[in-house]
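In case you want the letters, here they are:
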Amino acid sequence: MKNIESSLKESRTYKPNPKFASNSNVTKKQLDDLHKNYQNDSEQFWKDLAINEIKWIKQFETCCSGVAPYYKWFEDGELNVTENCLDRFIGRSKNAIIHISETNDKNIITYDELFVLVNNFSWALQNLGLKKGDRVIIYMPTIPESIIAVLSCARLGLIHSVVFAGFSSESLANRINDCEAKAIITVDGFKRNGKLIQAKKTVDDALALGCKSVLKCIIFKHNGNRIAFNHSQDIWWDEILPNKDKIVCPEKMSSEDLLFILYTSGSTGKPKGIIHSTAGYLLNCIITNKWVFDLKEEDIFWCTADIGWITGHSYVIYGPLATGSTILIYDGAPTYPKPDRFWRIIQDNKVTIFYTAPTAIRTLMKLGENLPDNFNLESLRLLGTVGEPINPKAWVWYQTKIGNSACPIVDTWWQTETGANMIAPLPGVTETIPGTCTQALPGIDALIVDEKGNEINKANQGGYLVIRKPWPSMLRGIWGDKKRYQETYWSKFKNKYYVTGDTARKDKYGNIWIMGRADDVVNISGHRLGTMEIESAIVSHDFVAESAVVSYKHEIKGEAIHAFVTLKDGYSEVNKKELAEKLREWVKTKIGSIAKPDKISFSNALPKTRSGKIMRRLLRNIARGEAISSDTSTLENEDILKQLQNIL
Ligand code: PRX
């Protein structure tokens, strides 16, 4: 149970700022009432919210049905998410998107304009013959067109799967094939850190690996770089748009129709296609944007997440737009051209709510602890963090330097699978302590249990973080893999709880402190990766016999990757430094840059049990410079531990 010693010492308490509290969307009394209503009648609680917050085509009768692990929400209702995100806000001349490019071009799109753009692109997709239920891959940076692509899919009932544009061609091909996508939407290229990233080339390389389902590749001309053009399949975005604006009638979607698939890493080599439904997902996005981010008419909300991650889906696209808010998007690197870029964007655009990851905070703090002093950040009124535990030092810096000691910080815990924030403070109400995401939101029945599934009530005793009752935005499964869904999330406690995969403890005030993962998933810079996924990439290299990947604590990234590698016979003489670099590049081409190991160690063997299982726990101890934590007598080759400790 890592992180516990240092976090136990943290007791600085931050009370809600009275000025903020006097005008927050949720008051203490309202929060208490919400909790009470949920305790009294959870069905009625969700029913009321769904009726009030969602614009229905046909209102539902049934609230929640089914049994674990398969639940349905608002099943007999009908809606279209884009009616909720666009149609209901037209005619108000309000800005929907403020886009800042890496080269500092600014483009503002109002709700009215976005409505037209989405309708026209929906018309184009429809014209290509795409139909409700077809899967469409979106492989694009975070620019307005990627949002238009997402919303156009939603308008037609096409199931989108956004793939982070940093993933390699092989990762992309795996995802395309897993969901049998009929179309891909991409860009010619884009700039990151001033460097050209050839997105279309990656798509071509992916398709060359064999993706039979793909009929069309739509390319938005974004950067202007030359691309290879396959006339039987490729089409330019511009060329399929209508000559005159079109209105496309939003597809009537049942609440339980799938809205999207989003791939995330698990503890096996193969990423999981997490599936989300329409109404339930939308509801939790809306309420958390109102409750946790306190979104108001005049806010400019900047969530720095890429749309390739769940945070980009829920807090860049669906949640903010369904609450009629103005979002800011930036498609460049946080340190480009200098580490003050974020602060400059906040100042120049009067951002009011800022939501980012602890890794970004730590990086920017390291690169210029006092840089924010040069900027006027007074527009900010609320700060958020997500993706990994935030260390108190970074939290306090964020609060004082960026938040001018006045902004509440919402440390939001959730997952791709949960769809929306689950455990988080309410900014006008909750007392916060740096490092805890505090308490479950109304409607979320989170608890910590022991190995047998019994609730742990003792303060500071760690256990498994689980969710007892279903909630609307919960994942509906894994695309095409029921067995894996049941085994990964439900079987540990025999369908009694949704198992998050995280370990956590509760302090004496009832605040939840996330301690880490209970499985072979690592969290590098807030990106979730499966160690097995990286291992399979490494062992697919010709020289490699075996590999075991573990993580160790990293000052900036939270966790970093250490790969232990044994080579095939005949390769022991190769230059290890060069090979390590080659393997890092190899992993980049197999998965993407984010999965490149920070350290690679070569040895003759790996520690294994007599039955041949690699003991990753011992490697973790070695990588982290810890004492060996468990009995090593079952090891087949005990000497290997000393050898490994010596080579580090
Ligand atoms: O381990 C938890 C960590 O990120 C995991 C979910 O990763 P992903 O599905 O990629 O979604 C990230 C963005 C929601 C969780 O199982 N995590 C997420 N938020 C926090 C966190 N760990 C600690 N504190 C958080 N606020």
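Since this is a predicted model, take the numbers as computed values, not measurements.

Caption draft 1: View of the domain arrangement of the chain. Domain boundaries in the chain define domain 1 (446-517) and domain 2 (521-644). Taking only C-alpha atoms into account, the centre of domain 1 sits 28 Å from that of domain 2.

Caption draft 2: Local environment of the environment of R92. Inspection of the secondary structure assignment puts R92 in the loop between α5 (81-85) and β4 (95-100). Residue class for R92 comes out partly exposed when judged on its relative accessible area of 36%. Spatially, the C-alpha atom of R92 lies 39 Å from that of I478, the residues being 386 residues apart in sequence. When near neighbours in sequence (up to four residues on either side) are disregarded, R92 contacts D112, E297 and G324.

Caption draft 3: Looking closely at the packing of aromatic side chains. All chains considered together, the criterion is met by 42 aromatic pairs. Between the aromatic rings of Y14 and W395, the centroid separation amounts to 4.7 Å while the plane-to-plane angle is 55°, which identifies the pairing as tilted. Of this pair, Y14 sits in the loop between α1 (4-8) and α2 (18-21) while W395 sits in helix α14 (residues 392-402), and the two are 381 residues apart along the sequence. Here F220 and W237 contribute two aromatic rings whose centre-to-centre distance is 5.3 Å and whose plane-to-plane angle is 70°, an arrangement assigned as edge-to-face. Placement of the pair is F220 in strand β11 (residues 216-220) and W237 in the loop between β12 (234-236) and β13 (253-254), with a sequence separation of 17 residues. We classify F220 as buried; its relative accessible area is 12%.

Caption draft 4: The arrangement of helix α13 (residues 358-367) in detail. Summarising burial for α13: seven of the ten residues are buried, a large majority. Within α13, burial applies to P358, T359, A360, I361, R362, L364 and M365. Contacts made by the buried residues of α13 are with α12 (341-349), β18 (353-356), β19 (382-386), α14 and β29 (558-567).

Caption draft 5: How the structure looks around the layout of surface pockets. Approximately 770 Å³ is the volume found for the second largest pocket. Lining the second largest pocket we find 28 residues, and of these R517, A518, D519, R617 and R620 sit closest to its centre. Sorting the residues of the lining of the second largest pocket by element identifies β25 (512-517), β26 (521-524), β28 (544-554) and α18 (616-623) as the ones contributing at least two each. Examining the composition of the lining of the second largest pocket, we find that four residues originate from one element, α18, more than from any other. Residues belonging to the lining of the second largest pocket are distributed by class as follows: ten nonpolar, seven polar and eleven charged.

Caption draft 6: Quick peek at the site of the ligand. Taken together, 17 residues surround the ligand, and among them D411, T412, T416, D502 and R528 come closest. Note that a nitrogen atom of the ligand is positioned 3.4 Å from one of the backbone N or O atoms of E388. For the shell around the ligand, the residue count by class is six nonpolar, six polar and five charged.

Caption draft 7: Summary view of the packing of helix α4 (residues 42-53) against helix α10 (residues 279-291). The interhelical angle for the contact between α4 and α10, taken along N-to-C directions, is 85°, at an axis separation of 10 Å. For the element pair α4 / α10, the angle class is roughly perpendicular. Contacts between α4 and α10 involve F45, W46, L49, A50 and E53 on the former and, on the latter, L283, N284, I286, I287, K290 and W291. A per-class count over the contact of α4 with α10 returns eight nonpolar, one polar and two charged.

Scoring rules and cut-offs
Residues numbered from 1 in each chain as written. Predicted model: local features only at pLDDT ≥ 70, side-chain atom pairs only at ≥ 80, totals over all residues. Heavy atoms only, no water. Domains from an automatic or database assignment. Helix = DSSP H or I, 4+ residues; strand = E, 2+ residues; numbered from the N terminus. Buried < 20%, exposed > 50% of the residue type's maximum accessible area, 1.4 Å probe, protein only. Contact = heavy atoms within 4.5 Å. Phe/Tyr/Trp six-rings, centres within 6.5 Å; stacked < 30°, edge-to-face > 60°. 1 Å grid on protein atoms, 1.4 Å probe; cavity = no way out; pocket = protein on both sides within 12 Å on 5 of 7 lines; lining within 4 Å. Points joined across faces, edges and corners; volume = space filled by probe spheres on them. Nonpolar A, V, L, I, M, F, W, Y, C, P; charged D, E, K, R; others polar. Near = heavy atom within 4 Å. Polar contact = N/O pair within 3.5 Å; in protein donor to acceptor, adjacent residues only side chain to side chain. Axes fitted to C-alpha atoms, helices over the stretch in contact; angles between N-to-C directions. Parallel < 35°, antiparallel > 145°, perpendicular 65-115°, else oblique.

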